[in-house]
Amino acid sequence: KSEELPNKVYKRESEKIEKENPFQLEVKERKNLYALLTNDKEKNSYKSAVDIAKFYFDEKNYDKAVTWAVKASKKDPKQSQAWIIYAKSKASLGKGKVAKKALSIYLKHTDSKEVRNLLDSL
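Engineer: Looking at this structure, I do not really get the packing of aromatic side chains. What am I missing?
Structural biologist: This structure, assessed with the given rule, holds three aromatic pairs. Considering the side-chain rings of F55 and Y56, the 5.8 Å spacing of their centres and the 75 degrees angle between planes classify their relative orientation as edge-to-face. Per residue, the accessibility class of F55 equals that of Y56, and both read buried. Taking NZ or CZ as reference, K71 lies 4.0 Å from the ring centre of W68, over its face.

Engineer: How should I be thinking about unusual backbone geometry in this particular structure?
Structural biologist: Excluding glycine, residues mostly carry a negative phi; peptide bonds, for their part, are mostly trans. Backbone geometry at N44 places phi at a positive 45 degrees, although glycine is not the residue there. If you trace the backbone, N44 turns up in the loop between helix 1 (33-43) and helix 2 (46-58). Positioned with a positive phi, K60 is a non-glycine residue whose angle comes to about 60 degrees.

Engineer: I would appreciate a short explanation of helix 2 in the present structure.
Structural biologist: Since one α-helical turn is 3.6 residues long, residues separated by three or four positions face the same way. Relative to the 18 Å expected for 13 residues at 1.5 Å per residue, helix 2 spans 18 Å between its end C-alpha atoms, a close match to the ideal helical length. Every buried residue of helix 2 is accounted for by Y46, S48, A49, V50, D51, I52, A53, F55 and Y56. Each element contacted by the buried residues of helix 2 is listed here: helix 1, helix 3 (62-75) and helix 4 (80-92). Taken from the residues just after helix 2, K60 is the one with a positive phi, measuring 60 degrees.

Engineer: Looking at this structure, I do not really get the packing of helix 3 against helix 4. What am I missing?
Structural biologist: Working note: a packed helix pair is described by the angle between its axes plus the distance between those axes. Packing of helix 3 against helix 4 brings their axes to within 8 Å, and their N-to-C directions diverge by 155 degrees. Compared by their axis directions, helix 3 and helix 4 come out roughly antiparallel. In terms of crossing hand, the pair formed by helix 3 and helix 4 is left-handed. Where helix 3 approaches helix 4, its residues Y62, A65, V66, A69, V70, A72 and S73 are matched on the opposing element by A82, W83, I85, Y86, S89, K90 and S92. Partitioned by chemical class, the residues of the contact of helix 3 with helix 4 number 10 nonpolar, three polar and one charged.

Criteria and thresholds
- Residues numbered from 1 in each chain as written.
- Predicted model: local features only at pLDDT ≥ 70, side-chain atom pairs only at ≥ 80, totals over all residues.
- Heavy atoms only, no water.
- Phe/Tyr/Trp six-rings, centres within 6.5 Å; stacked < 30°, edge-to-face > 60°.
- Buried < 20%, exposed > 50% of the residue type's maximum accessible area, 1.4 Å probe, protein only.
- Lys NZ or Arg CZ within 6 Å of the ring centre and 35° of its normal.
- Helix = DSSP H or I, 4+ residues; strand = E, 2+ residues; numbered from the N terminus.
- Expected span 1.5 Å × (residues − 1).
- Contact = heavy atoms within 4.5 Å.
- Axes fitted to C-alpha atoms, helices over the stretch in contact; angles between N-to-C directions.
- Parallel < 35°, antiparallel > 145°, perpendicular 65-115°, else oblique.
- Left-handed = near helix turned anticlockwise from the far one by under 90°.
- Nonpolar A, V, L, I, M, F, W, Y, C, P; charged D, E, K, R; others polar.

Okay, structure coming up:
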């Protein structure tokens with residue numbers, strides 16, 4: 001005996017396939033290095049040098065982050081950001097003693113809670 005085929009196709013509840021998007025793209029605005037270097041060349045300021053140091057630190061290029069942190073601190077030694085980037089970069093390179101010494105020197109001249117907390121955490 002032959003069976004008649006249904007004239008409609010139904011999916012079973014257990015066979016429902018939910019398509020997941022395995023690729024999720026998160027786009028963040030980020031200044032590129034060229035723009036940062038151009039800005040530093042034009043302005044030659046503490047902020048422009050610190051921005052480059054931050055860029056390199058975020059890219060885990062700690063040697064270049066140290067170089068730019070030093071340049072920034074020479075432009076304005078009282079600002080803490082350059083010292084913090086310098087110390088974090090040195091610590092990331094395995095030079096914790098150098099990082100601590102730099103922060104201690106900074107704290108002799110300027111009191112900063114953020115720098116003191118970083119020094120205590122190293």
